[in-house]
Amino acid sequence: MNLLILNGSPRAPRSNSKRYAEAFCRYWRGAVETEHLLRGDVNALCAKAGAADQVLLVFPLYADGLPTVLLSFLKAWERSMGEKKPTVSVLINCGFYEPEQNRVAVDMVRLFCKQTGCPFGSVLAIGSGEAILDTPFRFLVGRKLRKLAGAMARGRAVSLQCTMPISKGMFLRASTTYWTRYGQRFGRTAAELDTMDIEEGT
Ligand SMILES: Cc1cc2nc3c(=O)[nH]c(=O)nc-3n(C[C@H](O)[C@H](O)[C@H](O)COP(=O)(O)O)c2cc1C
């Protein structure tokens, strides 16, 4: 079973998606190749995806949907889709606490599969995805990745999710402190971070 992992993060080389893909590979026993959509030649990537038995899309939630780099790739792949239809699975992470935030983006991939005839495989939706790998709760992600890899290897479709086992209030307080301090490192106040034009002059 040959698997192609496609990293659809706009910050692919330094992305959380890269870390999730690497962690997934620790549990995958078959042949696997990983490509970054941001860097690759789209025609070559479409050909690779078309030749794989399975494709795992690993990407972040962006504005409740798919990052543009992934959307563009899917459009190109749809146009060049051949006879072979690989099973497409999803490993998505989002910044917010709730893994359910990822639902619409997963449905977008499901629709892609319906329109192209590719079987839709398994899903792992991660909430608190920016943070969880740097906390003691990272083992929860490892468990779900092992389940995802096992299901994909057996050709079974599972839908999994994971987040930090803390209250939403605690998550909100911790993340607010984190981002406020992050802003301070770049000379930005909490009030400035709350404005729409925070990127002005950066
Ligand atoms: C432009 C932008 C839009 C985002 N939109 C959302 C969103 O709608 N919901 C959410 O929970 N997280 C959102 N995030 C947070 C990312 O999903 C999160 O930081 C993720 O871990 C990034 O993964 P990556 O490093 O693989 O790109 C957004 C981040 C950026 C930069």
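Not measured: the values here are computed from a predicted model.

(A) Just a nonpolar patch on the surface, in detail. Residues Tyr178, Trp179, Tyr182 and Phe186 make up a contiguous nonpolar surface patch of roughly 450 Å² in combined accessible area. Here Phe186 is to be found in the loop between α6 (168-185) and α7 (190-193). With relative accessibility at 56%, the residue Phe186 sits in the exposed group.

(B) Main features of the pattern of salt bridges. Evaluation of the coordinates by the stated rule reveals nine salt bridges. Among the ionic pairs, Arg11 bridges to Glu130, the shortest N-O distance being 3.0 Å. Highlighted residues: Arg11 in the loop between β1 (2-7) and α1 (16-25) and Glu130 in the loop between β5 (120-126) and α5 (138-154), separated in sequence by 119 residues. A relative accessible area of 38% places Arg11 in the partly exposed class. One salt-bridge network, in which partners are shared between bridges, spans Glu33, Glu35 and Lys48.

Calculation rules
Residues numbered from 1 in each chain as written. Predicted model: local features only at pLDDT ≥ 70, side-chain atom pairs only at ≥ 80, totals over all residues. Heavy atoms only, no water. Patch = residues over 30% accessible without salt bridge, like charges linked within 9 Å, V, L, I, M, F, W, Y side chains within 5 Å. Areas by Shrake-Rupley, 256 points an atom, 1.4 Å probe, with all protein chains shown as cover. Salt bridge = Lys/Arg side-chain N within 4 Å of Asp/Glu carboxyl O. Helix = DSSP H or I, 4+ residues; strand = E, 2+ residues; numbered from the N terminus. Buried < 20%, exposed > 50% of the residue type's maximum accessible area, 1.4 Å probe, protein only.

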